Amino acid sequence: MAMSPTETVAPSSNTKNTVVRTKPPKAPQTSNSSATNHDKPRTAPAPQLFESLNDEEKRKYVKDKQVGKGTYADVFVGHFASSPSTKIAIKKIRFNADFKDGISMDTIREIRALQELRHPNIIALYSVFSSKNQNLNLVLEYCPRGDLMELIRDTDNVHYGTADIKAWMGMLCRAVWFCHENFILHRDIKPNNLLIAADGELKLADFGLARSFAEPETRMTYNMTTRFYRPPELFYQARHYSGVVDVWSVGCVMAELVLRFPFIQGDTDIETANKISETIGTPTEDNWPGVTQLKAYLAPTNVVPVKRKPFYMDLFSSLGSSGVDLMMSMFALDPRKRATSKQVLQHEWWQQEPRPSRKEDLPKRGGGVEVMGDDLKRRGGELPAEGRADKVARKIDFGAMKK
Amino acid sequence: MSRLAQRSGPPAARREGEEDDVCPVCKSSRYLNPNMRFLVNPECYHRIKNKFRKQTFEDIQVEREVDIRRRVAEVFNRREDDFNSLLDYNNYLNDVEDITYNLINKIDLDESERKLASYASRNQQTISLNVQKSLQESQNREARQVLEKEQARIRREAARREEQEEKRDREEGRRDVINMLASSDGDASRIAREGQQAVLKRSKTRQAAIQKQQQALSSDSSNGAPNGGFFIQGLKTKVEPVDEGPYDPFQGFSDKRKYFVQQNRYAWDRLDRLQKDTNWTAGGYDFREFCSRTLCEAFSGLGVFIGEEVTRTDPAFVGSVATVAAAEAGAGSKDIMMEDPF
């Protein structure tokens with residue numbers, strides 16, 4: 001029989017969906033069958049296999065409605081074809097000609113990280129498929145209740161207490177610990193990357209700046225993490241750092257939950273680095289051996305001694321004494337002295353009164369799907385534009401500092 | 001005895017061709033005895049022993065199927081809200097239908113019966129709980145219907161009474177006006193107007209009273225039942241507060257590694273040199289994190305059995321990222337340097 005090679009490799013002979021698969025070549029006439037068989041190029045099966053797998057995957061999801069539109073990505077709400085009541089978010093990343101193969105680094109980082117991670121407090125990536133024009137579609141967990149930033153900023157309508165803060169912090173810290181336990185650095189933890197699912201569960205999202213723990217010799221980039229939440233070692237352009245960069249950001253979120261505005265703010269990177277020096281204390285060889293060797297370390301004009309507990313007690317008394325201890329351990333200037341994400345979860349604060357609120361009792365706010373769409377369409381490191389906060393770039397401009 | 005002739009009243013409705021019914025045992029037919037009633041034995045459906053029940057359906061197969069369905073439904077009485085998702089519920093219904101179908105069509109009869117019995121014995125509690133639930137629901141429904149009927153009756157009566165009273169008022173008013181006109185010699189139009197106003201006033205007070213009554217009635221319906229029973233609609237089933245124990249910050253997740261135990265320090269030249277370099281120390285590079293990752297990557301393959309993974313499907317994770325990635329790799333798109341571009 002003159003069987004074409006494509007026929008034998010064609011996958012999913014067991015599936016019913018064969019609509020888009022390219023037709024197998026017609027069986028040639030018996031008289032010249034051997035000739036045609038040899039003419040057939042042997043490379044043909046590979047793209048077919050890929051296309052049919054992709055189509056098969058694509059048909060499992062249905063897009064319903066667009067909820068976000070950006071230059072980097074569009075966000076849709078949809079559902080599983082097999083279960084119409086199970087909703088999903090689809091992040092359609094536009095083909096970007098600036099990059100090789102049209103896929104930006106952020107997208108690769110996000111897919112790589114989320115593929116590895118499955119945790120109740122980390123947004124789930126169900127699937128990836130490509131649609132027409134080579135756009136990449138990420139099928140993500142549906143988070144219809146907006147983000148933590150919405151709740152923090154809406155001081156008029158949203159009121160919460162220490163038990164609620166503890167519950168959100170617990171969920172955030174678990175997510176971060178789980179990332180680190182799987183050797184992944186998030187590097188962009190901030191309130192608007194913390195989405196809220198329908199059941200009130202907090203979900204760490206936007207892994208566009210995430211990477212896996214580096215080999216010792218590998219130099220990592222320092223221009224990561226949105227400015228307000230960036231740890232001092234990244235301002236000083238450290239090339240070899242660890243999971244505690246995320247713990248600093250978690251500390252910033254904790255402080256912001258109490259204050260309801262970002263704890264360490266600056267209009268530029270230098271201003272923000274100086275703000276750390278003023279607010280937490282000035283990094284020196286005494287409190288951080290070796291810091292002066294870091295590339296972008298700038299000798300301070302006036303040295304502010306590292307703040308002690310009474311300073312934090314004034315600002316964050318509602319967290320209680322042990323809550324303040326925990327926050328201070330996250331704000332240690334020297335990364336070696338900073339608590340690891342595991343140590344954070346082992347802290348005694350979690351066991352003390354009040355007990356963290358149950359997730360169904362946490363305050364909520366409408367904002368909903370549109371906020372999720374807005375959050376997912378953004379690239380890592382950006383703060384939301386227009387009204388929600390100042391535009392803050394994530395690149396550091398040290399040119400001005402050097403002069 | 002197959003001839004169970006019941007003479008208490010004629011049969012309600014005659015089926016077509018009823019006269020042709022013949023008892024297979026005694027051969028007596030309805031032609032001779034129109035009051036004779038044919039009964040079905042629910043055990044075998046074709047032989048008549050000594051256990052009888054009235055036949056509902058003309059087709060004996062339907063009769064049998066309904067009985068089987070009833071029996072299965074009494075055991076598999078899970079409800080949609082017992083399930084996490086509609087999909088799970090549908091899957092359950094599908095399984096139940098499989099068993100039912102097998103029982104009806106006598107496929108794997110022993111196996112199906114065994115399944116039914118084992119499920120019944122294992123889930124006694126939930127079964128009886130759901131029976132109670134449906135019982136409660138049907139009681140509530142009945143009570144509500146009774147209440148609604150009662151209210152409708154009261155409303156109808158009130159409307160009738162009101163109509164009568166209004167009629168009476170109007171007549172009384174007219175009589176008063178006539179009497180006044182007859183007895184006094186005042187202004188006729190004034191007297192007529194006063195009379196009208198009196199009627200109006202009376203009807204107003206009556207309407208207010210009716211409204212009050214109706215309000216009482218509607219508030220009654222929200223939480224009261226007529227025949228002494230008390231029921232409230234829309235109540236959530238009260239969940240007993242459970243003692244959750246101390247808060248677990250890890251929520252059950254563990255960082256225990258299955259295949260290795262990490263030591264505090266490894267004699268390794270490559271690391272010893274770097275561990276003294278301020279470029280690493282001041283930036284906070286954690287060599288334990290690196291060692292942990294290295295060990296994990298070295299040993300985690302020990303827990304992977306491809307045969308198992310291929311057959312196991314995880315319903316929570318419907319997508320297959322790996323499949324797509326593998327397909328991409330298979331398609332020969334090696335253009336992106338995946339190792340460390342960050």
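The structure presented is a predicted model; accordingly, all values stated were derived computationally and were not measured.

### Observations concerning the overall build of chain B
Reasoning step 1: Looking only at helices and strands, chain B has ten helices and four strands in total.
Reasoning step 2: Traced from its N-terminal end to its C-terminal end, chain B shows the element sequence β-β-β-β-α-α-α-α-α-α-α-α-α-α.
Reasoning step 3: In chain B, buried positions account for 24% of the 342 residues.
Reasoning step 4: The contacts of chain B with a sequence gap of at least 6 include a subset with a gap of at least 24, amounting to 49%.
Reasoning step 5: For chain B, the exposed area adds up to about 25300 Å²; of that, 52% sits on carbon and sulfur atoms.

### So, the UniProt feature "binding site: ATP" (unreviewed entry) in chain A
Residue and element names in this part refer to chain A.
Reasoning step 1: Following the UniProt record, the feature "binding site: ATP" (unreviewed entry) maps to Lys92 here.
Reasoning step 2: Along the polypeptide, Lys92 turns up in strand 3 (residues 83–93).
Reasoning step 3: Each residue touching Lys92, except ones within four places of it in the same chain, is listed here: Lys63, Tyr72, Ala73, Asp74, Phe76, Ser131, Asn135, Leu136 and Asn137.

### What to know about helix 3 (residues 109–122) of chain B
Residues and elements named next belong to chain B.
Reasoning step 1: With 14 residues, helix 3 should cover 20 Å at 1.5 Å per step; its first-to-last C-alpha distance of 20 Å lies within 8% of that length.
Reasoning step 2: Among all positions of helix 3, only Ser112, Leu116 and Tyr119 are buried. Seen from one end, helix 3 has its buried residues packed into an arc of 70°, which puts them on one side. Opposite the packed face of helix 3, turned more than 90 degrees from it, sit the exposed residues Asp110 and Arg122.
Reasoning step 3: Where helix 3 is buried, its residues meet helix 1 (60–75), helix 2 (86–105) and helix 4 (124–183).

### Description of the confidence of the model for chain B
Residues and elements named next belong to chain B.
Reasoning step 1: On average, residues of chain B score 74 in pLDDT, and 65% of them are at 70 or above.
Reasoning step 2: Counting interchain partners and residues more than four positions distant, the pLDDT-below-50 stretch residues 1–13 has 24 contacts.
Reasoning step 3: Note on residues 221–238: pLDDT under 50 across the span, and 19 contacts to partners over four residues away in sequence or across chains.

### Examining unusual backbone geometry
All names here are of chain A.
Reasoning step 1: Following Glu353, the chain continues to Pro354 via a peptide bond in cis, the omega torsion being -10°.
Reasoning step 2: A positive phi is found at Asp206, a non-glycine position, where the angle reads about 55°.
Reasoning step 3: Relative to the helices and strands, Asp206 is located in the loop between strand 8 (202–204) and strand 9 (211–212).

### A short note on the confidence of the model for chain A
Residue and element names in this part refer to chain A.
Reasoning step 1: On average, residues of chain A carry a pLDDT of 81, and 81% of them reach 70 or more.
Reasoning step 2: Contacts of residues 1–41 to residues separated by more than four positions or lying in other chains number 27 contacts, the stretch itself having pLDDT below 50.
Reasoning step 3: Here residues 385–403 scores under 50 on pLDDT; set against residues more than four positions off or in separate chains, the count is 47 contacts.

### Quick word on the packing of aromatic side chains
Residue and element names in this part refer to chain A.
Reasoning step 1: Taken as a whole and judged by the stated rule, the model has 25 aromatic pairs over all chains.
Reasoning step 2: Each ring, one from Phe80 and one from Tyr126, has its centre 5.4 Å from the other, and the planes form 65°; the classification is edge-to-face. Taken together, the positions of Phe80 in strand 2 (residues 73–80) and Tyr126 in strand 4 (residues 125–130) put the pair 46 residues apart, joining distant regions of the chain. By the burial criterion, Phe80 is buried, and Tyr126 matches it.
Reasoning step 3: Taking 6.0 Å as the distance between ring centres and 45° as the angle between the ring planes, the aromatic pair formed by Tyr236 and Trp288 counts as tilted.

### Comments concerning the side chain of Asn287 of chain A
Residue and element names in this part refer to chain A.
Reasoning step 1: Its location among the elements puts Asn287 in the loop between helix 9 (269–279) and helix 10 (309–316).
Reasoning step 2: A polar side-chain atom of Asn287 sits 2.9 Å from the main-chain carbonyl oxygen of Thr282.
Reasoning step 3: A polar side-chain atom of Asn287 sits 2.9 Å from the main-chain amide nitrogen of Thr284.
Reasoning step 4: Not counting residues within four places of it along the chain, the set of residues in contact with Asn287 comprises Thr282, Val306, Leu333, Asp334 and Lys337.

### Digging into a positive patch on the surface
All names here are of chain A.
Reasoning step 1: On the surface, Lys58, Arg59, Lys63 and Lys132 cluster together into a patch of positive charge.
Reasoning step 2: Turning to its location among the elements, Lys132 is positioned in the loop between strand 4 and strand 5 (136–141).
Reasoning step 3: Note on Lys132: relative accessible area 67%, which makes it exposed.

### What about the pattern of salt bridges?
Reasoning step 1: All told, the structure shown has 32 salt bridges over all chains when counted by the stated rule.
Reasoning step 2: Measuring nitrogen to oxygen at the nearest pair gives 2.9 Å for the salt bridge that ties Arg227 of chain A to Asp269 of chain A. Within this pair, whereas Arg227 of chain A is found in the loop between strand 9 and helix 7 (232–235), its partner Asp269 of chain A is found in helix 9, the two being separated by 42 residues in sequence.
Reasoning step 3: Residue Arg227 of chain A is classed as buried on the basis of its relative accessible area of 6%.
Reasoning step 4: A salt bridge links Arg293 of chain B to Glu297 of chain B, with the nearest nitrogen and oxygen atoms 2.8 Å apart.

### Overview of the interface of chain B and chain A
Reasoning step 1: Tallying the contact residues gives 52 residues for chain B and 64 residues for chain A.
Reasoning step 2: Carbon and sulfur atoms supply 60% of the area buried between chain B and chain A, which totals about 5200 Å² over both sides.
Reasoning step 3: At the surface where chain B touches chain A, the tally comes to four salt bridges.
Reasoning step 4: Linking Lys342 of chain A and Asp255 of chain B is a salt bridge whose minimum nitrogen-to-oxygen distance equals 2.5 Å.
Reasoning step 5: Those elements that place two or more of their residues in the side of chain B that touches chain A are helix 2, helix 6 (269–274), helix 7 (278–281), helix 8 (287–299) and helix 10 (321–330) of chain B.
Reasoning step 6: Looking at which element gives the most residues to the side of chain B that touches chain A, the answer is helix 10 of chain B, with seven residues.
Reasoning step 7: When its residues are assigned to classes, the side of chain B that touches chain A shows 28 nonpolar, twelve polar and twelve charged.

### Some remarks on the pairing of strand 1 (residues 61–69) of chain A
All names here are of chain A.
Reasoning step 1: Pairing of strand 1 with strand 2, which is carried by seven bridges, proceeds in the antiparallel orientation. The partner of Tyr61 across the bridge, within strand 2, is Phe80.
Reasoning step 2: Linkage of strand 1 to strand 2, two consecutive antiparallel strands, is achieved through a turn of three residues.

### Concerning the packing of helix 6 (residues 162–181) of chain A against helix 8 (residues 244–259) of chain A
All names here are of chain A.
Reasoning step 1: Direction vectors running N to C along helix 6 and helix 8 enclose 170°, while the axes themselves pass 11 Å from each other. With respect to helix 8, the axis of helix 6 lies roughly antiparallel. Here Ile165, Trp168, Met169, Leu172, Cys173, Val176 and His180 of helix 6 lie close against helix 8, whose contacting residues are Asp246, Val250, Val253, Met254, Leu257 and Val258.
Reasoning step 2: When grouped by side-chain class, the residues that make up the contact of helix 6 with helix 8 number eleven nonpolar, one polar and one charged.

### Regarding the pairing of strand 3 of chain A
Residues and elements named next belong to chain A.
Reasoning step 1: With eight bridges joining them, strand 2 and strand 3 adopt antiparallel strand pairing. Paired with Val75 across the bridge in strand 3 is Lys91.
Reasoning step 2: Counted along the chain from strand 2 to the antiparallel partner strand 3, the turn is two residues long.
Reasoning step 3: Pairing of strand 3 with strand 5 involves six bridges; the strand directions are antiparallel. The partner of Ala89 across the bridge, within strand 5, is Leu140.

### Quick look at the sheet that holds strand 4 of chain A
Residues and elements named next belong to chain A.
Reasoning step 1: With antiparallel pairing, the five strands of this open sheet are ordered in space as 1-2-3-5-4. In this open sheet, the two strands that pair with only one neighbour each are strand 1 and strand 4. The average angle at which neighbouring strand axes cross in this sheet is 30°, direction not considered.
Reasoning step 2: The sheet contacts of helix 4 (residues 105–116) involve strand 3, strand 4 and strand 5, and relative to strand 5 the element is tilted by about 40°.

### Digging into the nonpolar core
Residues and elements named next belong to chain A.
Reasoning step 1: Ranked by size, the top nonpolar core spans 92 residues in total, and within it Met169 and Phe316 carry the most contacts.
Reasoning step 2: Top contributing element to this core by residue count: helix 6, with twelve residues.
Reasoning step 3: A domain-level breakdown of this core finds at least three residues from each of domain 1 (60–141) and domain 2 (148–402).
Reasoning step 4: Dropping the residues within four chain positions of it, Phe316 is found in contact with Ala255, Val258, Leu259, Phe263, Val324 and Met327.

Reading guide: rules and limits
Residues numbered from 1 in each chain as written. Chains lettered and ligands numbered in written order. Predicted model: local features only at pLDDT ≥ 70, side-chain atom pairs only at ≥ 80, totals over all residues. Heavy atoms only, no water. Helix = DSSP H or I, 4+ residues; strand = E, 2+ residues; numbered from the N terminus. Buried < 20%, exposed > 50% of the residue type's maximum accessible area, 1.4 Å probe, protein only. Contact = heavy atoms within 4.5 Å. Areas by Shrake-Rupley, 256 points an atom, 1.4 Å probe, with all protein chains shown as cover. UniProt positions renumbered as here; feature names shortened; annotations may be inferred. Expected span 1.5 Å × (residues − 1). Arc of directions from axis to C-beta. pLDDT = per-residue confidence, 0-100. Phe/Tyr/Trp six-rings, centres within 6.5 Å; stacked < 30°, edge-to-face > 60°. Polar contact = N/O pair within 3.5 Å; in protein donor to acceptor, adjacent residues only side chain to side chain. Patch = residues over 30% accessible without salt bridge, like charges linked within 9 Å, V, L, I, M, F, W, Y side chains within 5 Å. Salt bridge = Lys/Arg side-chain N within 4 Å of Asp/Glu carboxyl O. Lys, Arg positive; Asp, Glu negative; His and termini not counted. Charge placed at Lys NZ, Arg CZ, Asp CG, Glu CD. Buried area = accessible area lost by both parts, 1.4 Å probe. Nonpolar A, V, L, I, M, F, W, Y, C, P; charged D, E, K, R; others polar. Pairing = 2+ DSSP bridges. Axes fitted to C-alpha atoms, helices over the stretch in contact; angles between N-to-C directions. Parallel < 35°, antiparallel > 145°, perpendicular 65-115°, else oblique. Core = buried A, V, L, I, M, F, W, Y, C linked by side-chain atoms within 4.5 Å. Domains from an automatic or database assignment.

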